[in-house]
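Spelled out from the first residue to the last, the chains are:
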Amino acid sequence: MFSWLNREENNKQDLFENVTEGLKRIYKSKLLPLEQYYQFHDFHSPQLDDPDFDAKPMILLVGQYSTGKTTFIKYLLEREFPGIRIGPEPTTDRFIAVMYDEKEGVIPGNALVVDPNKQFRPLSKFGNAFLNRFQCSTVASPVLKGISIVDTPGILSGEKQRVDRGYDFTGVLEWFAERVDRIILLFDAHKLDISDEFRRSIEALRGHDDKIRIVLNKADMIDHQQLMRVYGALMWSLGKVLQTPEVARVYIGSFWDQPLRYDVNRRLFEDEEQDLFKDMQSLPKNAALRKLNDLIKRARLAKVHAYIISALRKDMPSMFGKDNKKKELIKNLGQTYDQIQREQQISPGDFPDLKKMQESLAHHDFNKFNPLKPKLLEVVDKMLAEDIAKLMAMIPHEETTTVSEPLIKGGAFEGVEDQVSPFGYKRGEGIDAGAGEPEWIVNKERYKYDSIFESLGPQDGKITGAAAKSEMVKSKLPNSVLGKIWKLSDVNKDGFLDSDEFALAMHLINVKLEGYDLPAELPEHLIPPSKRDT
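Residues numbered from 1 in each chain as written. Predicted model: local features only at pLDDT ≥ 70, side-chain atom pairs only at ≥ 80, totals over all residues. Heavy atoms only, no water.

Looking at an unreviewed UniProt entry, one finds the protein named EH domain-containing protein 3 and attributed to Temnothorax curvispinosus.

A. Main features of the overall build of the protein. Check the secondary structure of the protein and you find 20 helices and 10 strands. When contacts within the protein are restricted to residue pairs at least 6 apart in sequence, those whose partners lie at least 24 apart make up 78%. Accessible area of the protein: about 27,500 Å², with a carbon and sulfur share of 50%. In the protein, 75 side chains carry a positive charge and 83 a negative one; their mean positions are 6 Å apart. (Helix = DSSP H or I, 4+ residues; strand = E, 2+ residues; numbered from the N terminus. Contact = heavy atoms within 4.5 Å. Areas by Shrake-Rupley, 256 points an atom, 1.4 Å probe, with all protein chains shown as cover. Lys, Arg positive; Asp, Glu negative; His and termini not counted. Charge placed at Lys NZ, Arg CZ, Asp CG, Glu CD.)

B. Fine view of the packing of aromatic side chains. Counted by the stated rule, this structure contains 22 aromatic pairs. Ring geometry for Y37 and Y38: centres 4.9 Å apart, planes at 90°, overall edge-to-face. The class of Y37 is partly exposed, set by a relative accessible area of 25%. Seen from their ring centres, F95 and F169 are 5.8 Å apart, and the 45° between their planes marks the pair as tilted. (Phe/Tyr/Trp six-rings, centres within 6.5 Å; stacked < 30°, edge-to-face > 60°. Buried < 20%, exposed > 50% of the residue type's maximum accessible area, 1.4 Å probe, protein only.)

C. How the structure looks around helix α20 (residues 499–513). Here α20 is 15 residues long and its end C-alpha atoms lie 21 Å apart, about the 21 Å a rise of 1.5 Å per residue gives. Among all positions in α20, only D500, E501, F502, A503, L504, A505, M506, H507, L508, I509 and V511 are buried. In this structure D498 caps α20, since a side-chain oxygen of it lies 3.1 Å from the backbone nitrogen of D500. Phi for G515, located one or two positions after α20, is positive at around 100°. (Expected span 1.5 Å × (residues − 1). Polar contact = N/O pair within 3.5 Å; in protein donor to acceptor, adjacent residues only side chain to side chain.)

D. Here's a closer look at the nonpolar core. Judged by nonpolar contacts, the single largest core of 49 residues is most densely connected at F95, F120, F176, F187 and L216. Broken down by element, this core gets its largest block of residues, 7 residues, from helix α10 (residues 224–242). Ignoring any residue separated from it by four or fewer positions in sequence, one finds F120 in contact with M58, A97, M99, L112, V113, F134, W175 and F176. Within the second largest apolar cluster, 43 residues are counted, among which are L295, A302, I340 and V380. (Core = buried A, V, L, I, M, F, W, Y, C linked by side-chain atoms within 4.5 Å.)

E. Representation of the pattern of salt bridges in the model. Inspection of every chain in the model, using the stated rule, returns 33 salt bridges. One salt bridge connects E80 with K74, and the closest N-O pair in it is separated by 3.7 Å. Residue E80 is classed as partly exposed on the basis of its relative accessible area of 46%. Look at K74 and you get partly exposed, because its relative accessible area is 27%. (Salt bridge = Lys/Arg side-chain N within 4 Å of Asp/Glu carboxyl O.)

Below is the structure:
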């Protein structure tokens, strides 16, 4: 009788205030029951809590010792942080989460994992050996208002890598890889060898290729010829380890505040730094999309896990021969995967790693597994089809209303948008050349342009568009670009160019030929002096 009231209540429940709140609600009400019923948290990833959804974007730094991970953080913040140690030997022997707080200090790992406001509670499963080497350094840096950064122990090589760390190092990396927004792999230009431990660490990051960025650090320590060889060697080594058809994006630079040893590549380093920093500045804007994407991946894995667990439970005998049957099922798990793929039309890429799954199954009682419960799977399917679509539609609106400027400011990021000092990125170059100078920049090459102008037969001091075109097309620039240059140069907007306007057009052509972008509007310092009053 009152079913319409229930429908109205359900519609109210599906209205989300924002993407983050929506993710929390659909996870707890629709995905979490499936995970709990099939013991997903024992096999794959711990249960998600509110801090996992509320946390700022996080960057994970990974690399062999002495590749400059800690110095990279210092460079970003433009200051040191509590617990910092820098040196040529393995100095960072712990995981350090560098986070914002007005009160600076160090929070030990055991205190971190019991803090309900932090996202680190599940790390308690790695035991005291890890927690004694885990800490949070709080710093009142404006950079950390937008992101958090996790420094990791330097990955060892040679004989040193044979020393047992006392905890599951790659397991911790996997946990962080699932939750961070960006993974930065740092390489030293002098040390490209990928040790066995480094290889295992990179393999632990598989499945998160979209988050990985590679930095070839200390690139100023070698000249440009050596740099080309080092870059090629790095790409070859990465191709063998990452095992992906795509070429990894490598940022080349020297991320510290000391003089460059070889400055022949200074411009390259500036360009690469700008690209990397802009990528990092995009993280707060894309944080909701990343969390949404991770939840989708988690839901797909949880569904596959449910099919695997229920299939194993179905094949177990009820009375005798349980141990032998369990061993047989684990050994033939690949066949179970194939069967599920065919029956449920699931992509092989959605299945968990076979070897890891076999190792985990060895420690579980198959008779305690639950049979297939279609209702739980239907709820998750509906969540993926409807709720996720609603949240996806909300993301563009949130981006336009809440993010109008970069949320990562201060520190080294000030240089990305520096339009004040003469040392700002591309200041005094291209269109910006001549800004603030007393003489019009076009006058420097004016004698060349005037001779060409006179050869085009001006009438009453002006040339027609046809006459200008005959000269401008010699640049071989597309007509669409030349059309834009014409519109910028025709200051009087009368369809003709006088000598000042023609000189300006030729200057803009040269700017474009040098590889710089053209402006949407002509900046004031490029307007011919004779036109500025009008």
